[in-house]
Amino acid sequence: MRPRRFGTAELLLLLSILILVVVVAIPILLIFWNAFVVEGKPDFLRALALLKEPDTLEALKNSLVIAGGTTVLSTIIGVFFAWLVSRTDLPYKATMKVLFLVPFMLPSFIGALAWKILLSPRGGHINRLLMDLLHLEDPVFNIMSLGGIIAVETMYLFPFVFIQVSGALERMDPTLEEAARISGAGLFTITRRITLPLMMPSILAGALLVALYSLAHFGVPAILGTERNIFIIPTKIYEKIYASGGNFEAIRTGTMLSSILVLSAAAILYLQSLVLSSGRFQVISGKSMRPMVLKLRGLKWPLLILSVVYIALTVVLPTATIFLVGTLKTYGLAFKLENMTLDNFTYILFKWELTRDAIWNSFYLSLCAAAVTMLIGTLISYVLVKTKIRGKFLLEFLGVLPFSVPGTVIALGVILMWSGRFGVNLYNTAWIIFVAYIARYMAFALKSTSAALEQVHDSLEEAARACGASKWQAMKDVVLPLIKPGMVAAFFLIFLPALRELTTSVLLYGPHTRTIGVAIYTLNEDGETVYAAALAAIALVIIVLGQLLIKRVTRAKIESA
Amino acid sequence: MATVTLSHVTKRFGGVTAVRDLDLEIRDGECFSLLGPSGCGKTTTLRMLAGFEDLDEGEIRVGDRVFSSSARRYYLPPEKRDFGMVFQAFAVWPHLNIFDNVAFPLQIKGLNRADIQAKTRRALADTGLLKVQNAFPGELSGGEKQRIALARAIAINPQVMLLDEPLSNLDPKLREEMRFEIKDLQRRLGFTIVFVTHDQAEAMAISDRMLVMRDGVLQQVGSPIAIYEQPASRFVFSFIGLSNFLPMEDRDGRSYVQDAPEVGPLEVPRPDSVAGPTWTLASRPTHIDLQAEGGLRGTVLRRVYLGELVEYRVRVGPHELRIQKGARDQTFEEGAPVGLSFRRCLGYPED
Ligand SMILES: Nc1ncnc2c1ncn2[C@@H]1O[C@H](COP(=O)(O)OP(=O)(O)O)[C@@H](O)[C@H]1O
Ligand SMILES: [Mg+2]
C-alpha cells in the first residue's frame, strides 16, 4: 500500500486536536498567561505577592484543611462501611450497600442548604430545639464552620471510597485471608497485615478522588462558609470575579488561584495513576467466591442500627427537610399542616419566570452539552484508540487535560476566552455555559467511549472490510452498534451531573441564563429560603427520575444484548 | 498422634447436601486423597477439616482431641488448629516478599527473631526458594508461587497438611515434578497429608490411601491399587481409568449382550458379584484381547496409533468399545471382523 499523505484519519486527528485546543487548552493557557505574564513579560514575583495577601492565604489554608479533613474522614467512613457490607454478616447487607450509594445522587449543595436550615447557629431548627429543651444559652452545633463544611462534604463524598473499597473487597481472592487464618492469625491481625495492605491501592484511589472533588467543590463552602467569611479557593475565585466587576488585579488573583487548583488536580491525578499502575497488588481471582465473613454476633444489630441511623441522618433527614421547608407559607413558621401549601411548587414550576427559566435552561443546556460532548468524545476516542498516525501523541496529551481541570477554572478560562478578547463575546449568554460544559464533561465522554472502543477488537472491523464493506460501512454497521452502549452511558454520565451543576455555571450566568443550581444558590443568598428549598425539592425529584430512567435504559440494553 | 477421624459428618448449603454422613479415618503420617468429580464435596470436606466451615452433623477429631463437634457446637477456630494448608489459587500475599510470606505463620506464633530466621530459611531451602527469597510473588512463575505456598505451610512444621487441588493450576510437566516434591517433603518431615484432587492419575500416584466420592456420598476407601482393581461400583470403575460397559442378560446359564444376542455368548463365567439375570459388564481397554475367530463378535471401526499402544474402536451390536493392544501384537484392519475375549472383567448390578 502506498502511504497516503493526508487522508480521513489525518483530517479526523486535526479536527480532534482543534476542538480540544479551542475548548480546553486555550482557556487553560489564558489562565496561566493572565496569572504569570504582566504586560507581555513573565512576572512570577508579582504573582507570588498576590498569593501572600491575607485573604488569599487564608483561602489556601482553608482549602488545605477542608480537602484534608474531608479526605481523611471520607476514607475512614468509606472503608468502615465497605468492610461492614462485604466482610461481615451484617443483616440486610445487600440493601445497606445500595443505601450507602444514595448520597452519590444528592447534590451536595442541596445537602448543605438542608444542613444550614437544620444546624445554623441561631436559626437552625435542631439547634433551636436543643436550646429550648435543654435551656441552653448557646447553640449546640455550628454547621457554618470549617468542621461543618468538612462534615457535609464527607456525607456526600464518602461513597467514592466506599465504591472502590467494597468492589475491591468483593473481587479479592478470599483464600488470601484464609491462608493467613490457617497460619494462625486472628481476624484483627489479618485485617491489619493482609486485608488493609491489599486494599491500599483502592483506598488511595478513592481518597484521591475525594481530595480532588473537595478541592474543586463550590457549593458546600459557598452556602456554609461565605456568610461567615470562610473562603476556599473556588469561592475566593468567585468572590474576586464578582466583587471586582472586571478589576484587573482581582482577575489576576483569580487566575493565580485557578493555576494552583489545576496544578494540585494534576498532581492528584498523577499520584492516582502511580497507585493504580503498581501491579504488585493484583489480587483479583475468578474462582471460589466465598469471602470470609466475620460473625458480628452481639454487635450485629447495634452495627445495623448505626448504619441505618447514619443513612437516616445523612440522607433522609436533609431530604425531608428540603421537602418540608419547600411547602412552608413563610420561612420560620412551624411545621404544621395549616402552615403548609403546595402552591410554592406550582409557583416555581409554572408562574415565576426566574425559576421556570432556570429549569428550562438547565434542561436544554444539559441535553445539548451531553449530546455534543458525547459525539466529540466518540470522535476523539476513535482517533486515539483506533488509528495509528503520526502526531497522535499531541492528541493524547490534550486528551488528559480535561481530567485535571476543576469546574471553577473552566469557568474562568471561558470567561477570559469568550468575552470579546478574540472577537467573540458570549458573556451573559447561554452559549458560554454550553462551551464550558463541553470542556467540563469531556473527560467523562472520553473515558466511557474509549473504554467501549477498546472492547471492539480491530479484527471485527477488518472482518467486515474483508467481506467487502467500505470503511464507512464497516464503521456504521459494525463499530457503531458495538459502541452504542458506551455512547449512551457517556450521554447520561454527562446529562445528569450537568442538570445539577453549580460550580461552573455560578461564574457564568447572566440575567436570563440561570441554571437550577444557580437559582437555588441565589435564592438562598437572597434569603428566599422557602423557594430555594422548593426548587431544590423539584431538582431532587428530577434527579431521582433521571437515575431511574438510566437504570431502565441500561437494563433494557443488557437484556436485548 | 495426628490421626484424623470424621464421624457422621454432614454439611448442607441451603437445599444442597454437600457432604452426607461421612465416616473416615485418616492415619498418622499417610498421604490420603479425596477424589471425585467437581462439585462432589471435596473442598467442603477439606474446609470442614480446616475449621472454615461448621458441621451440620457429626464430629471431627485429631488424635483424641475434638476439633469440631456439631452436637456440642464446639469449633476450634482455624487459626488454632496448627494445620498447614495449600490453596488451589496459591494464595500467596502479593504485598509481602517471599521471605515474609513464609515467615508470616512463625511471626504470628510469636517466635523470636533468630528462630523465625532459622525456620523460614529451612522451609525455603526445603522448597528450593532460598535464592529468590527477596523477590515479590508478582515476579515469579506459577510453580514458584505454589512452592511459596508449600513453604509457608510447612514452616510451622504442622502435623497435618491440607492441600486443595494444589497442582491444577500448573502445567502438566510441572505438576508431575511438584507431586514428587510433595511426597519427598512428607517423607522428610513426616506430616499427614489430606490431598484433594479431581485427577485420578494424580490421586493414584500420590496416595497411600484414597477415597472416591460422588454427590457428597462416600463411594469407596482404599489403597489406589485396591480401588483400581476392585472398584466398588460402576461409578468408581468409570471414574478410575478408561472403561467399557456392556449391558448383559443371562439365559440358559450363559451371558449375552442384552440388545445383541447374535454376537454370541460371553466365554468367561459371569462374575460372582452380581445377583439378578441382568447386569453390567465392566472392563478396561487393556484387559480385552482381540482374535480373528471366536469370542464376542464385533467389527473394527477405527484404529489409532498411540505410540506404544494401538487403540481400536470396535462395534459390538449397538455398542462401541475401546480396546488397547501393544503395538507389536497382531493388528486388525478397519472394517475387519474381530472376536473379543475378556481377560479380566467385573460385573455390577444394572442401574
Ligand atoms: N458456600 C457455599 N454455599 C453454597 N453452596 C456451596 C458452598 N460451598 C459449596 N457449595 C456446594 O456444595 C457442593 C460441593 O462443593 P465443593 O465442596 O466445592 O465441591 P468440590 O470441591 O468437590 O468441587 C457443590 O454443589 C457446591 O455448589
Ligand atoms: Mg473444589
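Residues numbered from 1 in each chain as written. Chains lettered and ligands numbered in written order. Predicted model: local features only at pLDDT ≥ 70, side-chain atom pairs only at ≥ 80, totals over all residues. Heavy atoms only, no water.

Caption draft 1: Region of interest: unusual backbone geometry. Its identity is not glycine, yet Arg-73 of chain B carries a phi of approximately 50°, on the positive side. Residue position: Arg-73 of chain B is located in the loop between β5 (65-69) and β6 (74-75). (Helix = DSSP H or I, 4+ residues; strand = E, 2+ residues; numbered from the N terminus.)

Caption draft 2: Focus on the pairing of strand β11 (residues 217-222) of chain B. Residue and element names in this part refer to chain B. Strand direction decides the pairing type here: strand β10 (residues 209-214) and β11, joined by five bridges, are antiparallel. Paired with Met-210 across the two strands is Gly-222, which belongs to β11. Here β10 hands over to β11 after two residues, with Asp-215 in that stretch at a positive phi of 50°. (Pairing = 2+ DSSP bridges.)

Caption draft 3: Here's a closer look at the environment of Val-293 of chain A. Its location among the elements puts Val-293 of chain A in the loop between α12 (248-277) and α13 (300-326). With 204 residues separating them in the primary sequence, Val-293 of chain A and Asp-89 of chain A have C-alpha atoms 6.1 Å apart.

Caption draft 4: Looking closely at the packing of helix α3 (residues 54-87) of chain A against helix α9 (residues 187-216) of chain A. Residues and elements named next belong to chain A. Where α3 contacts α9, the two axes come as close as 9 Å, and the packing angle between them is 140°. Relative to α9, the element α3 is oriented oblique. Considering how the two elements wind past one another, α3 and α9 form a crossing that is right-handed. Between α3, through Ser-63, Ala-67, Thr-70, Thr-71, Ser-74, Thr-75 and Val-79, and α9, the contact on the second element is made entirely by Leu-196, Ile-203, Ala-207, Val-210, Ala-211, Ser-214 and Leu-215. Considering only residue class, the contact of α3 with α9 consists of eight nonpolar, six polar and no charged. (Axes fitted to C-alpha atoms, helices over the stretch in contact; angles between N-to-C directions. Parallel < 35°, antiparallel > 145°, perpendicular 65-115°, else oblique. Left-handed = near helix turned anticlockwise from the far one by under 90°. Contact = heavy atoms within 4.5 Å. Nonpolar A, V, L, I, M, F, W, Y, C, P; charged D, E, K, R; others polar.)

Caption draft 5: Up close: the sheet that holds β11 of chain B. All names here are of chain B. Pairing in this open sheet of six strands is mixed, and the strands run β7-β8-β9-β3-β10-β11 from one edge to the other. Strands at the two margins of the open sheet, each flanked by one partner only, are β7 (84-86) and β11. Neighbour-to-neighbour, the strand axes of this sheet turn through a mean angle of 15°, independent of strand direction. In the packing of helix α4 (residues 142-154) onto the sheet, the strands contacted are β7 and β8 (160-164), and the crossing angle to β7 comes to about 170°. The strands touched by helix α5 (residues 172-189) are β3 (31-35), β8 and β9 (192-197); relative to β9, the strand with the most contacts, the crossing angle is about 160°.

Caption draft 6: Just helix α6 (residues 125-134) of chain A, in detail. Residues and elements named next belong to chain A. By the burial criterion, the buried members of α6 are His-125, Asn-127 and Met-131. Around the axis of α6, the buried residues are gathered within 165° of arc, so they sit on the same side. Summarising the geometry of α6, the exposed residues directed more than 90 degrees from the buried face are Leu-129, Leu-133 and Leu-134. Contacts made by the buried residues of α6 are with α5 (108-119). His-135 lies just past α6 and shows a positive phi near 55°. (Buried < 20%, exposed > 50% of the residue type's maximum accessible area, 1.4 Å probe, protein only. Arc of directions from axis to C-beta.)

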